[in-house]
Amino acid sequence: MQNRSIEFFDRQFRSAPAAAALKLNPFETTALPFLQGDVLDIGCGMGNLACAAAARGCRVTAVDASPAAVAHLRQRAHEERLAVSAIQADLRDYPIEADYDTVVSIGLLMFFDCPSAYRVLAELQQHLRPGGCFVLTVLVEGTTYDAMFEPASHCLFQPADLLDRFAGWETERCQSEDFEAPGQTLKRFLTLVARKPRAAT
Ligand SMILES: C[S@@+](CC[C@H](N)C(=O)[O-])C[C@H]1O[C@@H](n2cnc3c(N)ncnc32)[C@H](O)[C@@H]1O
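Note that the coordinates shown come from a computational prediction; the quantities given were computed from them, not determined experimentally.

1. Regarding the site of the ligand
Line of reasoning, step 1. Looking at the ligand, there are 20 residues lining it, with Asn25, Gly43, Asp64, Leu91 and Ile106 nearest.
Line of reasoning, step 2. One nitrogen or oxygen atom from the side chain of Asn25 is found 2.9 Å from an oxygen atom belonging to the ligand.
Line of reasoning, step 3. In the model, a nitrogen atom of the ligand is placed 2.6 Å from a nitrogen or oxygen of the Gly43 main chain.
Line of reasoning, step 4. In isolation the ligand exposes 590 Å². Once the protein is present, 90% of that is buried.

2. A closer look at the sheet that holds strand β5 (residues 128-139)
Line of reasoning, step 1. Spatially, β3-β2-β1-β4-β5-β7-β6 is the arrangement adopted by the seven strands of the open sheet, whose pairing is mixed. This sheet does not close on itself; its edge strands, each paired only once, are β3 (84-88) and β6 (170-181). Pairs of neighbouring strands in the sheet enclose a mean axial angle of 10°, with direction left out of account.
Line of reasoning, step 2. Lying on the sheet, helix α4 (residues 48-55) is in contact with β1 (38-42), β2 (59-64), β3 and β4 (100-106); it crosses β2 at an angle near 175°.
Line of reasoning, step 3. Sitting on the sheet, helix α6 (residues 114-126) touches β1, β4 and β5, and the angle it makes with β5 is about 150°.

3. As for unusual backbone geometry
Line of reasoning, step 1. Even without being a glycine, Arg81 presents a positive backbone phi close to 50°.
Line of reasoning, step 2. Residue placement: Arg81 occurs in the loop between α5 (67-79) and β3.
Line of reasoning, step 3. Residue Arg81 is classed as exposed on the basis of its relative accessible area of 79%.
Line of reasoning, step 4. Positive phi is not limited to glycine here, since Gln184 has a value of about 55°.

4. Some points on the nonpolar core
Here is a general trend for soluble globular proteins: nonpolar side chains tend to be buried in one another's company.
Line of reasoning, step 1. The biggest cluster of nonpolar side chains holds 65 residues, and the ones touching the most others in it are Val60, Val84, Leu109, Phe134 and Phe157.
Line of reasoning, step 2. Looking at which element gives the most residues to this core, the answer is β5, with seven residues.
Line of reasoning, step 3. Dropping the residues within four chain positions of it, Val84 is found in contact with Ala50, Ala54, Val60, Ala62, Leu73 and Ala77.

The rules behind these values
- Residues numbered from 1 in each chain as written.
- Predicted model: local features only at pLDDT ≥ 70, side-chain atom pairs only at ≥ 80, totals over all residues.
- Heavy atoms only, no water.
- Near = heavy atom within 4 Å.
- Polar contact = N/O pair within 3.5 Å; in protein donor to acceptor, adjacent residues only side chain to side chain.
- Areas by Shrake-Rupley, 256 points an atom, 1.4 Å probe, with all protein chains shown as cover.
- Pairing = 2+ DSSP bridges.
- Helix = DSSP H or I, 4+ residues; strand = E, 2+ residues; numbered from the N terminus.
- Axes fitted to C-alpha atoms, helices over the stretch in contact; angles between N-to-C directions.
- Contact = heavy atoms within 4.5 Å.
- Buried < 20%, exposed > 50% of the residue type's maximum accessible area, 1.4 Å probe, protein only.
- Core = buried A, V, L, I, M, F, W, Y, C linked by side-chain atoms within 4.5 Å.

Structure representation (C-alpha cells):
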C-alpha cells in the first residue's frame, strides 16, 4: 500500500475486536439523521455507518483503501442482505462516476496532501445532488497527534478556509471537538453538515 495512513488503519481493522468494530462512533451517529437516498461514504472504514444507512433504506456506495475493512463490510452486507456496494480504492485518485443524495466523508481528507484534499472535496461537492447533505469530519489546525499521518503529505484544515468552500450552502451542523490522544497530544475535529442549494426555479 505504501502509505502510512492506510497501513495504520488496515492494521487497526485487522485487530479490532468484533463488538467494538460494529459500533457507530459519535461522528457517525451525528451523520445518521441526514442520510437519505443514494449515499456515498468515502473512507468508510469498517462500514458501520454504511450498514446503518442501508438498514434505513438507503442505497450505499462505500469506499476505503483498507483491504481488511472492505472485506469485513462486504461480508457483513452479504450476511445482512444490505444494499451496500463496498469498493477498495485509494481515494486520492478515484474517479467518482455517479451523483448522490448524501455524501459522507468522516475522518478521511486529512490523510491527503492539501491540494489533493481540496480537489477531492470539490469533486464530492459536484457529485452531490441539489438539496442533499454533505457530512464532513476532518482534523483541523491545532491537532498535535501525528502517528497516523504520512509525514510529508497530510492536511490539517483551517476551519475558516473549509467553511469558505461551502459558501451559499445551508449549514445544518458545525461543531469543533477536541479529543485527548496518546503522548499528551490532541486531535481537533471539525464536523460540518451542509446542505447543497437547490437548483434555482
Ligand atoms: C479515521 S478512519 C475513519 C473511518 C470511518 N469513516 C469512521 O468514521 O469510523 C480513516 C479511514 O480512511 C481510510 N483511508 C486513509 N487513507 C485513504 C486513502 N488514501 N484512500 C482510501 N481510504 C483511505 C482508512 O483506511 C480508514 O478506514
